[in-house]
Protein chains: 2
Amino acid sequence: MDDRLTEQIRFLIEIDKLKTVHRRAKIIHGDRLENDAEHSWHLAMMALLLKEHANQDVDLLKVLKMLLVHDLVEIDAGDTFAYDAKGHEDKYEREKQAAKRLFGMLPPDQERELTELWEEFERMETIEARFASALDRLQPLIHNHLNDGDTWQTYGITSGQVTARNRKIAEGSEKLWELAQSIIAKSVEQGILAE
Amino acid sequence: MDDRLTEQIRFLIEIDKLKTVHRRAKIIHGDRLENDAEHSWHLAMMALLLKEHANQDVDLLKVLKMLLVHDLVEIDAGDTFAYDAKGHEDKYEREKQAAKRLFGMLPPDQERELTELWEEFERMETIEARFASALDRLQPLIHNHLNDGDTWQTYGITSGQVTARNRKIAEGSEKLWELAQSIIAKSVEQGILAE
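**Things to note about the overall build of chain A**
- Looking only at helices and strands, chain A features 12 helices and 2 strands.
- In chain A, the order of α-helices and β-strands from amino to carboxyl end is α-β-β-α-α-α-α-α-α-α-α-α-α-α.
- Relative to a compact globule of 195 residues, whose C-alpha radius of gyration would be 16 Å, chain A shows 17 Å and is just as compact.
- Structurally, chain A occupies a C-alpha span of about 60 × 35 × 30 Å along its principal axes.
- The burial tally for chain A puts 56% of its 195 residues in the buried class.
- Taking all contacts inside chain A whose residues are at least 6 apart in sequence as the whole, residues at least 24 apart take part in 68%.
- Of the roughly 8200 Å² of accessible surface on chain A, 45% is carried by carbon and sulfur atoms.

**Quick word on the environment of Ile 142 of chain A**
All names here are of chain A.
- With respect to the helices, strands and loops of the structure, Ile 142 is situated in helix α8 (residues 127-146).
- On the basis of relative accessible area, Ile 142 is assigned to the buried category, the value being 10%.
- Between the alpha carbons of Ile 142 and Ile 184 there is a distance of 9.4 Å; along the sequence they are 42 residues apart.

**Structural notes on the side chain of Thr 151 of chain A**
- Here Thr 151 of chain A is to be found in helix α9 (residues 150-155).
- A distance of 2.6 Å separates polar atoms of two side chains, one belonging to Thr 151 of chain A and the other to Asn 144 of chain A.

**What to know about the pairing of strand β1 (residues 22-26) of chain B**
Residue and element names in this part refer to chain B.
- Here β1 pairs with strand β2 (residues 33-35) via 2 bridges, running antiparallel. Across the sheet, residue Lys 26 finds its bridge partner in β2, namely Leu 33.
- The loop that links β1 with its antiparallel partner β2 comprises 6 residues.

**Here's the deal with helix α6 (residues 91-103) of chain B**
Residues and elements named next belong to chain B.
- Compared with an ideal rise of 1.5 Å per residue, which puts 13 residues at 18 Å, α6 spans 17 Å between its outermost C-alpha atoms and is within 8% of the ideal.
- Along α6, the positions that sit buried rather than exposed are Lys 91, Glu 95, Ala 98, Ala 99, Leu 102 and Phe 103. Across the axial projection of α6, the buried residues extend over an arc of 105°, all falling on one side.

**Notes on the relation of the copies chain B and chain A**
- Expressed as a screw transformation, the operator carrying chain B onto chain A has a rotation angle of 180° and an axial translation of 0.0 Å, and the superposed copies differ by an RMSD of 0.0 Å. Both copies of the chain, as the preceding transformation shows, are related through a two-fold rotation axis. Within chain B, the C-alpha atom positioned nearest to the axis of rotation is that of Glu 38 of chain B, 2.2 Å from it.
- A symmetric contact is evident, with 100% of the interface residues of chain B recurring at the interface of chain A.

**Points about the pattern of salt bridges**
- Considering all chains together, one arrives at 40 salt bridges over all chains under this definition.
- Salt-bridge contacts for Glu 38 of chain B lead to Arg 32 of chain B; the nearest nitrogen and oxygen are separated by 2.8 Å.
- For Glu 38 of chain B, a relative accessible area of 0% puts it in the buried group.
- If you follow the salt bridges from partner to partner, you end up with Glu 14, Lys 17, Asp 76 and Arg 101 of chain A in one network.

**Thoughts on the interface of chain B and chain A**
- The interface is formed by 53 residues belonging to chain B together with 53 residues belonging to chain A.
- Taken together, the two surfaces of chain B and chain A that pack against each other cover about 4500 Å², and 73% of this comes from carbon and sulfur.
- If you look at where chain B meets chain A, you find 6 salt bridges.
- The salt bridge partner of Glu 34 of chain B is Lys 19 of chain A, with a shortest N-O separation of 2.7 Å.
- Scanning the region where chain B abuts chain A turns up 28 residue pairs in polar contact (both at pLDDT 80 or more).
- For the side of chain B that touches chain A, the elements supplying multiple residues, two or more each, are α1 (3-14), β2, α2 (36-50), α3 (60-69), α7 (108-123), α8 (127-146) and α12 (174-189) of chain B.
- With 11 residues, α2 of chain B is the largest single contributor of residues to the side of chain B that touches chain A.

**Concerning the confidence of the model for chain A**
- Per-residue pLDDT for chain A has a mean of 96; in total, 99% of the residues score no lower than 70.
- The complex model carries a pTM of 0.97, and its ipTM stands at 0.97.

**Digging into the environment of Lys 91 of chain A**
Residues and elements named next belong to chain A.
- By the secondary structure assignment, Lys 91 is in helix α6 (residues 91-103).
- Its relative accessible area of 16% is what places Lys 91 among the buried residues.
- Considered as a pair, Lys 91 and Arg 10 are 81 residues apart in the sequence and their alpha carbons are 26 Å apart.
- Residues in contact with Lys 91, not counting those within four places in the same chain, are Thr 80 and Glu 122.

Cut-offs applied
- Residues numbered from 1 in each chain as written.
- Chains lettered and ligands numbered in written order.
- Predicted model: local features only at pLDDT ≥ 70, side-chain atom pairs only at ≥ 80, totals over all residues.
- Heavy atoms only, no water.
- Helix = DSSP H or I, 4+ residues; strand = E, 2+ residues; numbered from the N terminus.
- Rg over C-alpha atoms; globule rule 2.2 N^0.38 Å.
- Buried < 20%, exposed > 50% of the residue type's maximum accessible area, 1.4 Å probe, protein only.
- Contact = heavy atoms within 4.5 Å.
- Areas by Shrake-Rupley, 256 points an atom, 1.4 Å probe, with all protein chains shown as cover.
- Polar contact = N/O pair within 3.5 Å; in protein donor to acceptor, adjacent residues only side chain to side chain.
- Pairing = 2+ DSSP bridges.
- Expected span 1.5 Å × (residues − 1).
- Arc of directions from axis to C-beta.
- Least-squares fit on C-alpha atoms with pLDDT ≥ 70 in both.
- Salt bridge = Lys/Arg side-chain N within 4 Å of Asp/Glu carboxyl O.
- Buried area = accessible area lost by both parts, 1.4 Å probe.
- pLDDT = per-residue confidence, 0-100.

Laid out in structure tokens, this is it:
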């Protein structure tokens, strides 16, 4: 086996670990926390089916690549809870170290490609990154709504916090932000999200 | 929310069930069976990184879409074990019914798109389907090799069966078939796969 293929396979074995990084929200159809790998698959399916609702025409291949790759850094850095202000202080530094180690396992051209995809997602400047990020926010909102506000109640999250966090969905899709607002309103109405 | 978006979101909630469909192989970094959703993510990452080893230039977007979608029918039809001859007799019929119900939840144009992607994958005729299928065979081979032949031993699978099953990898990638052969040989040598 040549060096290039060896490096690629070693990386693909290493990232199996994403299946063991747990998020704060449960899956919808089962009583356990979701992991980052299945979450990334779910977001990719959302991109495939909701693409038409992006504010501008997006390059779907770029969006899919970003979504597949965006959480890999959590293998080393762990999942930082969306409402953990302290965890967010050094989040970027921790994840940058992780990107260096993980993507550094790959041949240089692929290290560059994955690093750029991850950074593009994080910066949220391109239309693809904004749409990908909108899906990454909308998905746990749907999960929490359908799981009777489970995560919100465990961590004492209010509708104000949820609205502030998810407002950025509008930058990727006004249409999905409307949907998000209706989910938040309904959750408050049902008493599963505190006002 | 308009009807189209409602249908899309209902479908995206339904397919969360893929996270509860278990395969026969374990994840590499943990002592539990892999589920179809995280498996699909892993295959998509393989496509992204191993594309250069396909026998012919493939349309990566098409490959990714197929891999994301290819196991959805197992939500209704269940995972049919690669070496279960009896299960394979009615596999296509069971999965066709599943495709009809599941993809039928979507707006007609998207129902058509997903049905076509799934059928293209199943038929293994296009270069994209052959490459996607090669990855779908290679991945559990790597898992079983690294998990000390776990699934092979549980079900009494021999190297002859593994070779017969995986020979089709060559149709998508000669290079990855070489790799697969070396993994099979090494597994026999290590005594974790019966001859």
